[in-house]
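Examining the three-dimensional arrangement
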Amino acid sequence: MKRKLRILLIFICIMTVVSFLWELFNSTESEDSVVVNGLHNWFEQSFMDIWMPGVSVLQIRQGGYKYNLTDRMVIENFPVLLFAMEQPVQQYDKALKESDYNELVLLEGMDEDKKGIDEDSLEYGADAIHLDKGLEEALLAENGLLAENQSAAGEGDDIDGQVEEGKDMPFHEVEEALYRYQWDTLTDYTDLVKAFYAIDSTTAAGKELLSLDKLLYKDMRMKGSNDAPQILIYHTHSQEAFADSVPGDVSTTIIGAGERLAQALRDKYGYNVIHNTDSYDVPARDYAYSNSLPELEKLLADNPTIEVVIDLHRDEMPADRRLVMDLQGRPTAQFMFFNGLSRNSKGGALESLENPYIEDNLAFSFQMQTASNEYYPGIARRIYLKAYRYNMHLCPKSLLIELGAQNNTVEEIMNAIDPLAHVLHLVLTGDEPDVDY
């Protein structure tokens, strides 16, 4: 043990000297070294975000803080060491659990747009069985829809080139599933995750949460009638817009997409829907979840018949990556179901962000995902699981949906509303999943 401590001290001394030389270099740097220094700052901040979230938040909250000599030469280069000094017994993954509510809420608000996972992990690979074109065409032919689908889609896969052609294409509900999962092959946890989920590095799921019996057989059917409000749609981030959104015209933003979804659910499927268009992310997004919480609690208290709560967002993607597919000849944005697990990467509960409905939330998104994959293969990305709560604790049937991204067109977004509304209706009526409750 003493030998290990001696080695650690020697290592710290060496790194202290390196840090001192680095500081000397920085003090005489020219304008040409700004990029190098920026890289160093980015690397440093990345370490802090991962190993010292509390300190990172403090730095943002206070607009930066001054380091003393010890900080600069040792601590900032060893975030793990600082954490060890602050938490001599606890492991890092309990840091979130030990954080106070206000700090967790800020982290929650700041963290949503940061993915602790490669973007490709959210996509289904070419080996995904529900994306097998041969199987899809065979089932379409069996259902008498193949010729209609091919005629609508036209030749080729160039989505952008089909935008003009797809403008007036009507949407047709797919009446029979194009693919059926063989559930007896997905009872293993690893197989289930591979087929449906992308788990962020900030959290952990585990067999106790992702169990086929819990996800597939939980009854998500709508219980009440449409004599009173049944569904609430709102937007934590109401300012989210798209590639060709018109400044000042909310109908071309995520709020417009929410209204389109509300209308489809009302007019086509007969649901009683409230669409809340209030803004909670003005002037900044960081506290949008805590800002929206009191209003959501009031809405639900005033309307106790609401069974479904949908927080509709759009994602943020690299500029060269677009979430779009051809669906029945219409350029259509892809969407993603998102769940907060209220637990850290070791599976420890974030007690300040308790959610008694995690299992219900997970079952709801899972059944939405399976119906999307079976009826409209390719429209849904994998279900994304992250650490926090995202106000999904207010209702068992809560959905957070990322509809397209900032570089989708308004047309692509609006086209995606039709299959999304249909899938939601399938689950709420119990038509899907195809199991006995």
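Description of the structure in this document. Within every chain, residues take consecutive numbers counted from 1 along the sequence as written. Note on the predicted model: pLDDT of at least 70 is required for a residue's local features to be given, and 80 or more for side-chain atom pairs to be given and counted; whole-chain, interface and lining totals, by contrast, use all residues. Heavy atoms throughout the structure, all of them, feed into the side-chain values; hydrogens and water do not.

Here, the term nonpolar core denotes a set of buried Ala, Val, Leu, Ile, Met, Phe, Trp, Tyr and Cys residues that are joined through side-chain atoms within 4.5 Å. Each residue gets one of three labels from its accessible area relative to the maximum for its type: buried under 20%, exposed over 50%, partly exposed in between, using a 1.4 Å probe on protein chains only. If you look at the biggest cluster of nonpolar residues, it comprises 73 residues, and the most contacted ones within it are Phe196, Leu210, Ile231 and Leu265. Ranked by residue count, the leading element in this core is helix α16 (residues 410-429), at twelve residues. Here, two residues are considered to be in contact whenever any of their heavy atoms come within 4.5 Å of each other. Excluding anything up to four places from it in sequence, phenylalanine 196 contacts Tyr124, Tyr181, Trp183, Leu186, Phe366, Gln369, Thr370, Asn373, Arg382 and Ile383. Counting residues in hydrophobic clusters, the runner-up holds 14 residues, among them Ala198, Met336, Tyr384 and Met392. Helix numbers and strand numbers start at the N terminus; a helix is a DSSP run of H or I with at least 4 residues, a strand a run of E with at least 2.

In this scheme Phe, Tyr and Trp rings, the latter by its six-membered ring, pair at centre separations within 6.5 Å, and the angle between planes marks the pair as stacked below 30 degrees, edge-to-face above 60, and tilted otherwise. This model, assessed by the stated rule, comprises twelve aromatic pairs. Ring pairing ties together the aromatic residues Tyr179, Tyr181, Trp183, Phe196 and Phe366, which thus form one cluster.

This next bit is on unusual backbone geometry. In the segment running from valine 282 into proline 283, the intervening peptide bond is cis, with an omega of 5°. Here proline 283 is to be found in the loop between β3 (273-275) and α14 (288-302). Across the junction of glutamate 432 and proline 433, the peptide omega takes the value 0°, indicating a cis bond. For proline 433, the position within the fold is in the segment after α16. If you check the backbone angles, tyrosine 390 has positive phi at about 60° while not being a glycine.

What follows deals with the side chain of asparagine 361. Structurally, asparagine 361 can be placed in helix α15 (residues 358-375). For this analysis, a polar contact is any N or O atom pair within 3.5 Å, provided that within protein one partner can donate a hydrogen and the other can accept it, and provided that sequence-adjacent residues contribute only side-chain to side-chain pairs. Here asparagine 355 takes part through its side chain, which lies 3.0 Å from a polar atom of the side chain of asparagine 361. In contact with asparagine 361, other than residues within four places in its own chain, are Asn339, Asn355, Met392, Cys395, Pro396 and Ser398.

For the rest of this paragraph, the subject is the pairing of strand β7 (residues 335-340). Taking burial as the measure, the six residues of β7 include six buried ones, the bulk of the element. A two-sided burial pattern is seen for β7, the buried positions comprising Phe335, Phe337 and Asn339 on one face and Met336, Phe338 and Gly340 on the other. Any two strands with at least two DSSP bridges between them are considered paired. Alignment of β7 against strand β9 (residues 397-405), held across four bridges, turns out to be antiparallel. Each residue of the ladder has a partner; that of phenylalanine 337, found in β9, is isoleucine 401. Where β7 and strand β8 (residues 383-386) come together, three bridges link them in parallel fashion. Along β8, the bridge assignment pairs phenylalanine 338 with tyrosine 384. The β-α-β motif built from β7, the intervening α15 and the parallel element β8 has right-handed crossover chirality. Here the term right-handed applies to a crossover when the path leading from its first strand over the helix to its second strand runs clockwise, the strands being oriented away from the viewer.

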